[in-house]
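Notes for the structure review
Read off the chains here:
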Amino acid sequence: MKTTTQNIAIDPVTRQETVKEQKRKLMIEAFSILGVALIFGLLLPLILPAFRLRLLGRFLSLAIVALGIDLIWGYTGLLSLGHGIFFALGGYGLAMYLNLQLPQGQLPEFFSLYGVNELPLLWKPFYSLPVTILAIIIVPAIVAALLGYLIFRNRIRGVYFSILTQAALLVFFNFFNGQQKLINGTNGLKTDTQPIFGVLASSPSAQRGFYITTVILLVLVYLLCRWLTSGRLGRLLVAIRDDEVRVRFTGYNPTWFKVLVFAISGAIAGIAGALYTVQTGIITPNAMDVAFSIEMVIWVAVGGRATLVGAILGTLLVRLAQTTLSEQFPEIWLFFQGALFLSVVTILPNGILGGIRDLRSYLGRRKLVTYPSLEEDPDVQKERELET
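Residues numbered from 1 in each chain as written. Predicted model: local features only at pLDDT ≥ 70, side-chain atom pairs only at ≥ 80, totals over all residues. Heavy atoms only, no water.

1. Remarks on the packing of aromatic side chains
- According to the stated counting rule, one finds 15 aromatic pairs in the structure shown.
- Each ring, one from Tyr252 and one from Phe257, has its centre 6.1 Å from the other, and the planes form 65°; the classification is edge-to-face.
- What makes Tyr252 partly exposed here is its relative accessible area of 44%.
- Residue classification places Phe257 among the partly exposed residues on the basis of a relative accessible area of 24%.
- Members of the aromatic cluster, each reached through a chain of ring pairs, are Phe86, Phe152, Phe161 and Phe262. (Phe/Tyr/Trp six-rings, centres within 6.5 Å; stacked < 30°, edge-to-face > 60°. Buried < 20%, exposed > 50% of the residue type's maximum accessible area, 1.4 Å probe, protein only.)

Right under this line is the structure:
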């Protein structure tokens, strides 16, 4: 009883110190985000040539989808191999809007190749930009929620969940490939020759605008993921990842939380797909290629799971290495890429940030948490101390 009283008396002081430490960390993180955003948003556009800036914009848009994968895989333990579905849905949504920027009465050119004389009903909502923006976010989220509910309600998880998401990816890939009269099938939809706000989407001014929009949305998505994983919901997601059965025994239903996170991750992928499409100039069913969805997971693995920052870092490093090696060694760059991935998996199984954590732990310094666990959560430890 005496020990409990002492713990309760000391707890307010300890809590104040914890709050101060958290505020200090948040201030450091906020200034770091602001500094990096200013460098990418203001400085690099003045330094990089148009081609390199457009390339960097693609990398940053892919970093957005990596954040969504880190949210469901790193924090919730759901390894999705089918995020190309949601990525492609967002890309097709914006491409449909751009292809409709024609004089009244005209149809996109590819319709005439298949004898289509009237605009399909599916296309008509995409005349409106606000509706298109909503569709880019909502449609992938709904598809992800429906797919997730069908899987999670049957308590399917682990490798079986991964297999089912990849199977769904193959279904969507084959379906989109066969829709020549609706979305031009395997040829896809071009965006670089379409106008937007009075200028061509491929013009330097438009591409600069897309790049700055990508930087802004990357910051916003990072903040959203940071908010989702920092509070009670974040601790619950980690608990589901670490021991879902125990979470059920405590009175929570993990199904709806997993559906929610999967839907949010799908919406994030849709945003990334739209941004990537306008900076690439085309969207095809190849966006739902199995290898591409697996590569998304590799970006997160390279940077470090459950770090958010690692997802961005891993994407930029892998894509930069891929581009550099393909330019310098066009015939053997795939071997270099394979060696890079194997090295990360064998030498740094927890990713780059996980390697930094392990190194600091080995050197006896303060541990850098990159893969949070309930056992390491300071709030959980304090609650246990109070119970004793």
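Now that the structure has been shown, the text picks up again.
2. Considering the packing of helix 2 (residues 50-74) against helix 13 (residues 309-328)
- Relative to each other, helix 2 and helix 13 sit at 140°, their axes nearing to 8 Å. Comparing their axes, helix 13 and helix 2 come out oblique. Viewed along their axes, helix 2 and helix 13 form a crossing whose handedness is right-handed. In contact with Arg52, Leu55, Phe59, Leu60, Leu62, Ala63, Ala66, Leu67 and Asp70 of helix 2, helix 13 contributes Ala311, Ile312, Thr315, Leu316, Arg319, Leu320, Thr323 and Glu327.
- Its residues assigned to classes, the contact of helix 2 with helix 13 comprises 11 nonpolar, two polar and four charged. (Axes fitted to C-alpha atoms, helices over the stretch in contact; angles between N-to-C directions. Helix = DSSP H or I, 4+ residues; strand = E, 2+ residues; numbered from the N terminus. Parallel < 35°, antiparallel > 145°, perpendicular 65-115°, else oblique. Left-handed = near helix turned anticlockwise from the far one by under 90°. Contact = heavy atoms within 4.5 Å. Nonpolar A, V, L, I, M, F, W, Y, C, P; charged D, E, K, R; others polar.)

3. Details of the side chain of Arg58
- Along the polypeptide, Arg58 turns up in helix 2.
- Buried and without a salt bridge, Arg58 has Asp192 as its closest oppositely charged side chain, separated by 8.6 Å. (Lys, Arg positive; Asp, Glu negative; His and termini not counted. Salt bridge = Lys/Arg side-chain N within 4 Å of Asp/Glu carboxyl O.)

4. Observations concerning the side chain of Thr132
- Relative to the elements of secondary structure, Thr132 occurs in helix 5 (residues 129-152).
- Assessed through its relative accessible area of 0%, Thr132 is described here as buried.

5. Notes on a nonpolar patch on the surface
- Together, Ile133, Leu134, Ile137, Ile138, Ile142 and Leu146 give the surface a local cluster of nonpolar side chains, amounting to about 530 Å² of exposed area.
- Mapped onto the fold, Leu146 is located in helix 5. (Patch = residues over 30% accessible without salt bridge, like charges linked within 9 Å, V, L, I, M, F, W, Y side chains within 5 Å. Areas by Shrake-Rupley, 256 points an atom, 1.4 Å probe, with all protein chains shown as cover.)

6. As for the environment of Ala201
- For Ala201, the position within the fold is in the loop between strand 3 (199-200) and helix 8 (204-230).
- Residue class for Ala201 comes out buried when judged on its relative accessible area of 0%.
- When the C-alpha positions of Ala201 and Gly281 are compared, they lie 8.0 Å apart, and in sequence the two are 80 residues distant.
- With residues near it in sequence (within four places) discarded, Ala201 still touches Thr191, Asp192, Gln194, Ile196, Ala206, Gln207, Phe210 and Val278.

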